[in-house]
Amino acid sequence: MTQVDPFHVDILVAGAGAAGLSAAIALDQAGFSVACAGLIDRRANGRTVALFEASLRFYKSLGLWPRFRDKAAALEKIAMVDATNARFRAPSVSFAASEIGLSAFGANIENNVLVDGLAETAAARSRLALCQSLIEDICFDDDDVRATLADGRRIRAKLVVAADGRGSLARTRANIDARSWTYPQVALTALLAHAKPHRNISTEFHTRSGPCTLVPLRPHGEKLHRSSLVWLMSAADAERRRNLAPGELAREIELQVGGLLGAMELDGPCGFFPMAGMSVAKLFGRRIALIGEAAHVFPPLAAQGLNLSLRDIAALVETLEDARADGKDIGAAASLKAYGTARRGDISLRTNGVDILNRSLLTEFLPVDLMRGAGFFAFSMIGPLRRALMREGVLTHQTLPRLMQARPRRGAVATGG
Ligand SMILES: Cc1cc2nc3c(=O)[nH]c(=O)nc-3n(C[C@H](O)[C@H](O)[C@H](O)COP(=O)(O)OP(=O)(O)OC[C@H]3O[C@@H](n4cnc5c(N)ncnc54)[C@H](O)[C@@H]3O)c2cc1C
């Protein structure tokens, strides 16, 4: 395989987070020449990602899943418990992957383990130029995009894939409007070791400050029973808990989850993430396509964020492959239109769905409690509705892009360890 000049490529991926690295690898594998620019954040901050079936298929298609399989815990069941103390409490609901013919809904993995593995894979690909530097400036011309990196390097590309997060420089330079909002919540993230097994069940407690979710993790060393925590709370509570000794914080977590997994201890540093939302006026423009948190941001309810981003990537790869096959300019707005059309509905469904569920927990307005309770009741009792909800969560009702269809594509090269 010949080395492609890294400074003149088909596609520049801006951002080297989970979305940017995944996009760079997928586009490289699809045969485009790719540069990916950004700093790789390998810090452990108690954050994990639950990846659902379609996302696992995506990584399997790229031959990456063997690298992560032994580091991820299967999610076989999801339980939801109303812990709001509302006058009308919703019934607890539990979903099993076996009800929709799957052995698991997906798998949970530490965020830094995923990013680290993706970065190693990207760095090992001979044609993919991984530039560990921020982009300082981007200019859009009729025929190409020119980027200047903080380390002085310059890159020209036919298309920039903006994966540079919520404050995306690429999106701003392309004059694509974004609407942002905040929630009165901070997510506390932590890895926990605990006395009782999680039995591959993820449990989401819905509280008045937002969900408090335990998600299964793999054993690590002598810590046989481990889970990750995402707990949404007020900024004041987050600040108070930030200053607690680890043992005190572990006791508060135990209390919050009703001792579900027995005695707990923290297994590494915690993270604190202010909650926000963002949506964009359009998902593409001349020589730019937005993916990941450059395109959509919402709180981590029902683990939708990166799963949605991987669907962006799989759809974008398909759009670009089709444009190339038709002999079109991959950076032309007309070529990218199919990407915008494919993604708009899914993104707006998740952004609005998460917003409604989150706000319904924060309000103490009785009719809202009644509606939420009725919804949960329906999901607990009505089989077809349950199964439709489960499928929507892990596979979506739309036709999935080729990289997410059940059988790996021919020619997918195994790169996993
Ligand atoms: C607490 C929490 C729990 C979550 N849990 C889940 C879950 O269980 N499942 C799930 O699917 N999703 C989950 N998510 C969402 C998921 O983590 C995010 O969607 C995903 O990590 C976002 O990835 P990203 O690459 O789009 O953005 P980011 O991770 O923000 O990456 C953007 C990258 O761009 C870089 N960048 C910024 N500016 C520039 C520049 N000028 N030049 C170059 N690079 C630049 C940044 O340095 C960064 O590396 C969770 C999120 C949170 C906060």
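So, how was this worked out
Residues numbered from 1 in each chain as written. Predicted model: local features only at pLDDT ≥ 70, side-chain atom pairs only at ≥ 80, totals over all residues. Heavy atoms only, no water. UniProt positions renumbered as here; feature names shortened; annotations may be inferred. Salt bridge = Lys/Arg side-chain N within 4 Å of Asp/Glu carboxyl O. Helix = DSSP H or I, 4+ residues; strand = E, 2+ residues; numbered from the N terminus. Buried < 20%, exposed > 50% of the residue type's maximum accessible area, 1.4 Å probe, protein only. Pairing = 2+ DSSP bridges. Axes fitted to C-alpha atoms, helices over the stretch in contact; angles between N-to-C directions. Contact = heavy atoms within 4.5 Å. Near = heavy atom within 4 Å. Polar contact = N/O pair within 3.5 Å; in protein donor to acceptor, adjacent residues only side chain to side chain. Areas by Shrake-Rupley, 256 points an atom, 1.4 Å probe, with all protein chains shown as cover. Phe/Tyr/Trp six-rings, centres within 6.5 Å; stacked < 30°, edge-to-face > 60°. Lys NZ or Arg CZ within 6 Å of the ring centre and 35° of its normal. Parallel < 35°, antiparallel > 145°, perpendicular 65-115°, else oblique. Left-handed = near helix turned anticlockwise from the far one by under 90°. Nonpolar A, V, L, I, M, F, W, Y, C, P; charged D, E, K, R; others polar.

Labelled according to an unreviewed UniProt entry, the protein chain appears under the name Ubiquinone biosynthesis protein UbiH, originating from Methylocella tundrae. Within the UniProt record for the protein chain, the comment given under Cofactor (unreviewed entry) is "FAD". The record in UniProt for the protein chain states the following under Pathway (unreviewed entry): "Cofactor biosynthesis; ubiquinone biosynthesis."

> Explain the pattern of salt bridges to me, and be specific about the residues and the numbers.
Where side chains of opposite charge bring their charged atoms close, a pairing between them can arise. Throughout the structure, instances matching the rule amount to 29 salt bridges. Note that Glu53 is salt-bridged to Arg57, the shortest N-O span being 3.1 Å. Of this pair, Glu53 and Arg57 both sit in helix α2 (residues 53-61), four residues apart, which is roughly one turn of the helix. For the pair formed by Glu53 and Arg57, the shared burial category is buried. Asp142 is the salt-bridge partner of Arg286, the closest N and O atoms lying 2.6 Å from each other. In this pair, Arg286 sits in the loop between β18 (284-285) and β19 (288-290) while Asp142 sits in the loop between β9 (135-140) and β10 (145-149), placing the two residues 144 residues apart along the sequence. The exposure class of Arg286 is partly exposed, given its relative accessible area of 41%. If you follow the salt bridges from partner to partner, you end up with Arg311, Asp312, Arg343, Asp346 and Arg350 in one network.

> For the sheet that holds strand β4 (residues 73-75), give the residues involved together with the corresponding values.
Taken in spatial order, the three strands of this open sheet run β3-β7-β4, and their pairing is antiparallel. The sheet is open, and its two edges are formed by β3 (48-52) and β4, each paired on a single side. Averaged over neighbouring strand pairs, the angle between their axes works out to 30 degrees when direction is ignored. Sheet topology note: the β3/strand β7 (residues 106-110) ladder contains five bridges and is antiparallel. Across the sheet, residue Leu51 finds its bridge partner in β7, namely Ala107. Strand contacts of helix α4 (residues 111-124): β3 and β7, with the helix running at about 85 degrees to β7, the strand carrying the most contacts.

> Let's hear about the site of the ligand: which residues, and what values?
The full set close to the ligand counts 26 residues, and Arg47, Ala50, Ile135, Glu293 and Leu306 are the nearest of them. Contact distances for the ligand include 2.8 Å between an oxygen atom and a backbone N or O atom of Ala50. A distance of 2.7 Å separates an oxygen atom of the ligand from a polar atom in the backbone of Leu306. Burial of the ligand by the protein chains amounts to 83% of its free accessible area of 1,000 Å². Contributing elements (two or more residues each) for the shell around the ligand: α1 (18-29), β3 and α8 (305-325).

> For the packing of aromatic side chains, give the residues involved together with the corresponding values.
Counted according to the given criterion, the structure contains three aromatic pairs. Judged by centre distance (6.3 Å) and plane angle (50 degrees), the ring pair of Trp65 and Phe68 falls under tilted. A residue pair is termed a helical-turn pair when its members lie 3 or 4 positions apart in one helix, as Trp65 and Phe68 do in helix α3 (residues 65-69) at three residues. Like Trp65, the residue Phe68 is buried in the burial classification. The ring of Phe273 has Arg47 lying over it, and the distance from NZ or CZ to the ring centre is 4.9 Å. Between the NZ or CZ atom of Arg324 and the centre of the ring of Phe32, over which it lies, the distance is 4.1 Å.

> Explain α2 to me, and be specific about the residues and the numbers.
Burial of α2 is extensive: eight of the nine residues sit out of reach of the surface. Among the residues making up α2, those that are buried are Glu53, Ala54, Ser55, Leu56, Arg57, Phe58, Tyr59 and Ser61.

> Tell me what's going on with unusual backbone geometry, and back it up with residues and numbers.
Its identity is not glycine, yet Asn175 carries a phi of approximately 60 degrees, on the positive side. Its location among the elements puts Asn175 in the loop between α5 (169-173) and β12 (178-194). Non-glycine residue Asn200 carries a positive phi angle of around 60 degrees. If you trace the backbone, Asn200 turns up in the loop between β12 and β13 (201-207).

> Break down the packing of α2 against α8 for me, with residues and values.
Orientation of α2 relative to α8, taken along the N-to-C sense of each, is 45 degrees, at an axis distance of 9 Å. Here α2 is positioned oblique relative to α8, judged by the angle of their axes. Crossing angle aside, the handedness with which α2 passes α8 is left-handed. The segment α2 lies against α8, with Ser55, Phe58 and Tyr59 engaging Asn307, Leu310, Ile313 and Ala314. Split by residue class, the contact of α2 with α8 holds five nonpolar, two polar and no charged.

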